[in-house]
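# Residue-level structure breakdown
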Amino acid sequence: MSVSTCLSKERVAATCCAILSHPTRHIPKLRVLVNQLDIRSEAEENKLEFLSRQKMLAFSILEVFLDVIPSYRVKEKIKEEDGKKIRLKRSTYELRNFEATLLAVYKLFLLRLKRMADVLKKPTSRPSTFYDLIFSSMAAKERICLIGLKCLSSLLLAHPHFNLRSSIIKIIVPLTTLSRHPAVADKACECVNQLYREDKLGEITLEVVQETEKLIKACGIFIRPQVIETFLHIKINETAIEQNQKKDMKEVRKEWEKMSRKQRRRKKAEKKLENQMLETEAQESSKRISEYHTKILNHIFATYFRFLKRTILDLSDDSTKKDRFKILLSPILEGLAKHCHLINIDFFDDVINILFNLMKSDLLDTVQILNCNQTVFTILSAEGSIMEVDHQRFYNKLYQVMLDINLTTSDRTVIMLFKCLEIMIIRKRRQTSYNRVLAFMKRCSTLSLQTSDPAVLGLLAFLRRMFIDHPKSDLLIDIENVGSSQFLPHLDDPECCNANSTHLWELLLLRRHVNSGVQQFATHILKGCPSDEIKLELTKKSPVDFFESYDSKKFDYLLNEANEHVPVSKKARFHGYTMSSSSLASQSFSDLVMDQT
């Protein structure tokens, strides 16, 4: 084509306005705009102008399509009766012509966008594509790819019901693996995440999950972790899945076999009529939702388990594969922790064994070990509570890694630790032994000396909860009870470390903390956790809530104003100490112990 065939910006704007003013009459003009994307005359001489023109045309056509695409799916073929054309009203005939022309131009536009999106793919037997002949720099190709990706994402998110949805998904999903072009890959992952969040029925999510599963299977261990993290944005309707899981297919099959042919035909006709009624009334059936969401979960868990089982066997001694495996483990373990309570109970034992074998290996870091513990106890807190599992090995692992956790670097690590303490200690208070509770209380008080202020408040909230749920644990703040043996802090088994022979001397140091809120909370625990001293709305907060609701500008918010200067009660559990004593800070805890003994 010659340069004269290129439309000016004014002509493009006028054409778009004409189409939007009367789409049924002027829709053929949209084909002219789409064909403008094929013009590349003199592009070698002025590449910047060519790139700007491609961007202007693509987004102009996009805005037209976003406005004129109907809110229903267009039928591509019109049925005929006895080989004769159906006679239609003029308005219906014009509407059918409009839909056919719109769909044809839409297909052409998607082909042009696919050409833009595929510009970063590795060259095959035909390396000379449309844009390869114009651009040689990878930066220009990346800009062209982003233009096509943004247009495809906008069309998919704005009109996910429209035709050729599967074609758009097959273009976008492979772009999430472009590790050499993080801007493109992150934009594709962002589109997938938003699609997951907005899809309520689950039909579109199922298509994307299936394509993602194929992609992960093809790339293997070299997949980007952000691709697996997209599964965390899927909203699963747990109620619908539980109803779907209650159905026994054997009983349904027996009922079907008992029916006669006439009854079966009638049953099929009733089901067909029911589906038609649902489509006519535009209602989202809970049955369809449960089916879609069940299939989604099956594909997600199949991806997780295939990765965990096969990859562990293929790692051998390859350090590169081990590093890739460690990177990908975090999103997989987070996904298991989020959805593991929906797994079929028949697979619980296999999942627990796989996770424990991972924890015994040297492949996991401390955060991933916390993820494994949370996943296991989430399983055991639901239907898995009837299983006979050795819980001690998981408590030992958590107790062992707590000293290795750096609580000053990542909020995510702190929250994960508090969730593990919540589900393993607080919720299991009736199944947790006395010695184990004391050991974890001592370890948490040790951690409180080497972490940030919000994390200290969370740890103190855990200690307060333990003192309330386990009244006998007050011996940890009773100086008269020295114990009958020596405390072994470096022993990995919390049952045998003799935690009943130590004291929470860390609380005395926290009373001199620079944060007044920490001072109040530590003093409150040393007084024996009186219920009338702390604010009522704070008594029901978990350690995670204390951490997330921390306000650095407001420290004095823990205690009631009337009880801030209440003297120490005679029933204070920390026997032998005077809380108002100024000499307490100058004395070491060992000296106080020796004085009392």
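Everything here concerns the structure above.
Residues numbered from 1 in each chain as written. Predicted model: local features only at pLDDT ≥ 70, side-chain atom pairs only at ≥ 80, totals over all residues. Heavy atoms only, no water.

## Brief notes about the overall build of the protein
- If you tally the helices and strands in the protein, you get 26 helices and zero strands.
- Each of the 597 residues in the protein was classed as buried or not, and the buried ones make up 46%.
- Sequence separation of at least 24 residues holds for 76% of the intrachain contacts in the protein that already meet a minimum separation of 6.
- Of the roughly 32300 Å² that the protein leaves accessible, carbon and sulfur atoms contribute 49%. (Helix = DSSP H or I, 4+ residues; strand = E, 2+ residues; numbered from the N terminus. Buried < 20%, exposed > 50% of the residue type's maximum accessible area, 1.4 Å probe, protein only. Contact = heavy atoms within 4.5 Å. Areas by Shrake-Rupley, 256 points an atom, 1.4 Å probe, with all protein chains shown as cover.)

## Things to note about the packing of helix α1 (residues 9–21) against helix α4 (residues 47–68)
- Contact geometry of α1 with α4 gives a least axis separation of 10 Å together with a crossing angle of 5 degrees. Between α1 and α4, the crossing angle belongs to the class labelled roughly parallel. Along its contact with α1, which presents K9, V12, C16, I19 and L20, the element α4 presents M56, L57, S60, V64, D67 and V68.
- For the contact of α1 with α4, the class distribution of residues is eight nonpolar, one polar and two charged. (Axes fitted to C-alpha atoms, helices over the stretch in contact; angles between N-to-C directions. Parallel < 35°, antiparallel > 145°, perpendicular 65-115°, else oblique. Nonpolar A, V, L, I, M, F, W, Y, C, P; charged D, E, K, R; others polar.)

## Here we look at the packing of aromatic side chains
- Scanning the model with the defined rule gives 15 aromatic pairs in all.
- Judged by centre distance (6.4 Å) and plane angle (50 degrees), the rings of F50 and Y131 are tilted. One end of the pair, F50, is in helix α4; the other, Y131, is in the loop between α5 (90–117) and α6 (138–158), with 81 residues separating them in the sequence. Both residues of the pair, F50 and Y131, belong to the buried class.
- Pairing F521 with F546 gives two aromatic rings, centres 5.5 Å apart and planes at 45 degrees, and the pair type is tilted. One end of the pair, F521, is in helix α23 (residues 516–526); the other, F546, is in helix α25 (residues 543–548), and 25 residues separate them in sequence.
- Classification of F546 by relative accessible area gives buried; the value is 3%.
- Counting every residue linked through ring pairs, the aromatic cluster contains F356, F377, F394, Y395, Y399 and F440.
- When the ring centre of Y395 is taken as origin, the NZ or CZ atom of R436, which lies over that ring, is 4.1 Å away. (Phe/Tyr/Trp six-rings, centres within 6.5 Å; stacked < 30°, edge-to-face > 60°. Lys NZ or Arg CZ within 6 Å of the ring centre and 35° of its normal.)

## What to know about unusual backbone geometry
- Even without a glycine there, the phi angle at N498 is positive, about 60 degrees.
- Along the chain, N498 falls in the loop between α21 (453–469) and α22 (506–510).
- You will see that C529, though not glycine, has its phi angle at about 55 degrees, which is positive.
- Along the chain, the position of C529 falls in the loop between α23 and α24 (536–539).
- Residue C529 is classed as buried on the basis of its relative accessible area, which comes to 10%.

## As for the environment of K419
- Note on placement: K419 falls in helix α19 (residues 411–426).
- For K419, a relative accessible area of 38% gives the class partly exposed.
- As for K419 and Q374, which are separated by 45 residues in sequence, their C-alpha atoms are 7.1 Å apart.
- Aside from chain neighbours lying at most four places away, what touches K419 is Q374 and V544.

## Some remarks on empty space enclosed by the protein
- Scanning the entire structure with this criterion turns up one cavity of 30 Å³ or more.
- Roughly 50 Å³ of internal volume is contained in the largest cavity.
- Residue classes in the lining of the largest cavity are distributed as five nonpolar, three polar and no charged. (1 Å grid on protein atoms, 1.4 Å probe; cavity = no way out; pocket = protein on both sides within 12 Å on 5 of 7 lines; lining within 4 Å. Points joined across faces, edges and corners; volume = space filled by probe spheres on them.)

## Comments concerning helix α18 (residues 392–401)
- The buried count for α18 comes to eight of 10 residues, which makes it a mostly enclosed element.
- Taken as a whole, α18 has its buried residues at Q392, F394, Y395, N396, K397, L398, Y399 and V401.
- The elements touched by buried residues of α18 are α16 (348–360), α17 (366–381), α19 and α20 (434–447).

## Details of the nonpolar core
- Counting residues in hydrophobic clusters, the biggest one holds 172 residues, and the most contacted among them are F65 and L155.
- F65 has contacts with L30, L102, V105, Y106, F109, L155 and H159, leaving out every residue within four places of it along the chain. (Core = buried A, V, L, I, M, F, W, Y, C linked by side-chain atoms within 4.5 Å.)

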